[in-house]
Protein chains: 2
Amino acid sequence: MRNLKVMMSYRGTNYHGFQRQDNAVTVQEVVEKHVSSVLNEKVTINGCSRTDTGVHANSYCFSVRTNSLIPTKNFVRGVNGRLPDDISILSCEEATDDFHARFSCKAKEYVYLMHCSESKNPFATDLALHYRRPVNEELIRKAAQEFVGTHDFRAFCSDSTGKHSTVRTIYNFDVESNGVLLKMLVKGDGFLYNMIRIMVGTLIMVNEGRIDVTDIKRIMDSKDRQQAGKTAQAHGLYLNRIFY
Amino acid sequence: MRNLKVMMSYRGTNYHGFQRQDNAVTVQEVVEKHVSSVLNEKVTINGCSRTDTGVHANSYCFSVRTNSLIPTKNFVRGVNGRLPDDISILSCEEATDDFHARFSCKAKEYVYLMHCSESKNPFATDLALHYRRPVNEELIRKAAQEFVGTHDFRAFCSDSTGKHSTVRTIYNFDVESNGVLLKMLVKGDGFLYNMIRIMVGTLIMVNEGRIDVTDIKRIMDSKDRQQAGKTAQAHGLYLNRIFY
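Residues numbered from 1 in each chain as written. Chains lettered and ligands numbered in written order. Predicted model: local features only at pLDDT ≥ 70, side-chain atom pairs only at ≥ 80, totals over all residues. Heavy atoms only, no water.

Draft legend 1. Representation of the packing of aromatic side chains within the structure. Counted by the stated rule, this structure contains 16 aromatic pairs over all chains. Taking the centre distance of 4.7 Å and the plane angle of 25° together, the rings of A:Phe18 and A:Tyr60 count as stacked. Taken together, the positions of A:Phe18 in the loop between β1 (2-10) and α1 (27-39) and A:Tyr60 in strand β3 (residues 56-66) put the pair 42 residues apart, joining distant regions of the chain. Exposure class is identical for A:Phe18 and A:Tyr60. Each is buried. Look at B:Phe99 and B:Tyr244: their rings are 4.8 Å apart centre to centre, the planes differ by 70°, and that puts the pair in the edge-to-face class. Linking B:Phe99 in the loop between β4 (87-95) and β5 (107-116) with B:Tyr244 in the segment after β10 (237-243), this pair joins segments that are 145 residues apart in sequence. According to the relative accessible area criterion, B:Phe99 is buried, its value standing at 11%. Taking relative accessible area as the criterion, B:Tyr244 reaches 32% and is therefore assigned partly exposed. Through pairs of rings, three or more aromatic residues link up here, namely A:Phe147, A:Phe153, A:Phe156 and A:Phe173. For the cation-ring pair, B:Lys187 lies above B:Phe243, with the distance from its terminal atom to the ring centre recorded as 4.0 Å. (Phe/Tyr/Trp six-rings, centres within 6.5 Å; stacked < 30°, edge-to-face > 60°. Helix = DSSP H or I, 4+ residues; strand = E, 2+ residues; numbered from the N terminus. Buried < 20%, exposed > 50% of the residue type's maximum accessible area, 1.4 Å probe, protein only. Lys NZ or Arg CZ within 6 Å of the ring centre and 35° of its normal.)

Draft legend 2. Seen up close, unusual backbone geometry. Residue and element names in this part refer to chain A. Within the chain, Asn40 stands out as a residue other than glycine whose phi angle is a positive 60°. Along the chain, Asn40 falls in the loop between α1 and β2 (46-47). Assessed through its relative accessible area of 71%, Asn40 is described here as exposed.

Draft legend 3. Main features of the layout of surface pockets. Roughly 1400 Å³ of internal volume is contained in the largest pocket. Around the largest pocket sit 43 residues that line it, and A:Asn121, A:Phe123, B:Leu113, B:Leu127 and B:Leu181 are the ones nearest its centre. Within the residue set of the lining of the largest pocket, elements represented by two or more residues are β5 (107-116), β9 (181-188) and β10 (237-243) of chain A together with β3 (56-66), β5, β9 (181-188) and β10 of chain B. Residue composition of the lining of the largest pocket, by class: 24 nonpolar, 15 polar and four charged. (1 Å grid on protein atoms, 1.4 Å probe; cavity = no way out; pocket = protein on both sides within 12 Å on 5 of 7 lines; lining within 4 Å. Points joined across faces, edges and corners; volume = space filled by probe spheres on them. Nonpolar A, V, L, I, M, F, W, Y, C, P; charged D, E, K, R; others polar.)

Draft legend 4. View of the interface of chain A and chain B. Tallying the contact residues gives 24 residues for chain A and 24 residues for chain B. Ranking the residues of chain A by area buried against chain B places A:Lys120, A:Pro122 and A:Phe123 at the top, with a combined share of 38%. On the surface where chain A and chain B come into contact, there are two salt bridges. Of the charged contacts in the structure, one is a salt bridge between A:Arg77 and B:Glu118, with a shortest N-O distance of 3.3 Å. Put simply, chain A and chain B have 10 residue pairs in polar contact (both at pLDDT 80 or more) between them. Looking at the side of chain A that touches chain B, the element that brings in the most residues is strand β4 (residues 87-94) of chain A, giving four residues. Taken together, the residues of the side of chain A that touches chain B break down into 11 nonpolar, seven polar and six charged. (Contact = heavy atoms within 4.5 Å. Buried area = accessible area lost by both parts, 1.4 Å probe. Salt bridge = Lys/Arg side-chain N within 4 Å of Asp/Glu carboxyl O. Polar contact = N/O pair within 3.5 Å; in protein donor to acceptor, adjacent residues only side chain to side chain.)

Here it is, written out as structure tokens:
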């Protein structure tokens, strides 16, 4: 049986996240339907990650096992020809039998986009958080470094019940800005539920002087979700890269 | 009576162009309604240009006369608070009495965006033309220079009936690419109906070897619309800047 590694990109606005649900349209459901049609057999796709409602993916990986002999190039064309405009297959390659999009994953990189301006950007309504207040880029960058390293991120997790461990490693947390678009790039070995959005919400409170840079370590040590900032909105978040 | 100069940006996808029409939603109709509400009097806004259905504006100017004493800053906030997500007021300033967004205009700059890749970009479906064939950027750039200067653009106009003159001056026609996004930047003293989209359509045919660079002068001299390329789709086009 072949095992295919497929990369895709999607705009999350119209989906209730990646993972199949009974009463809501998800990316998995839509992609599985068209992949099954092209492979001419009913398949289940294994996604690299759950994503929340409204979260986007620049580069998302899924694996799928199939008996079909279809060449990978034809697979890409066939699925893209059927998919709606907000999902796009980028590539497809043969993977070894033990490859699994989720379990083989070594690290993930997310990007969070903020449109920082008094006026909204009509081209980015669902694609970046609109933030009207002045931005202290240096301060945000400094605060973001407090998250880098191996820490217990329980305070930065929406639901930690049942988790074996809330310890994760963040490799880097970069902050870039061109004066209007602020880009936060976070790479780590894995992320807890809502962890990036809560870290971003905390950085926004640092920017507004409501949390001090030195408070971040204290919040981390408290392991108390109530101490951290609000969960930043989903539509600024993108799964950006996945490492195997 | 005050005369206000207002800059705005809009995503044209959901509008039948700028100019008011009886049976279709236009940018003018929507903006006028909210501007009138904020000024507390029924006004007509004078736009700098018509734009076609689906065409966007990074920077569009309209002027409006009013008896209202509202400070310009409050005007911007008030209108933005009422406008839908796909239209945004960027600024408002007092203009001299003789200023008119359309008649005072000295030059306009448009940009045409092409997403050049086998796979579509799910974030740019309505925001750039999806072009799947290989792109010869140098060839397109060379061909685009044939349009620069003062010429009779009758062959590059969808409807020249009733036009006093089809002579226009193009100041520059720049072509930039990062390998995936191809950007054509055209500045001129004015443009005929569909003129930029027909020039872009012609450059696409040059790229595909169906029209030769040297043919462009011949097509121009023919003054025959049938000789030029197809009208490129509207959703790649943006009014980018307006010069007074």
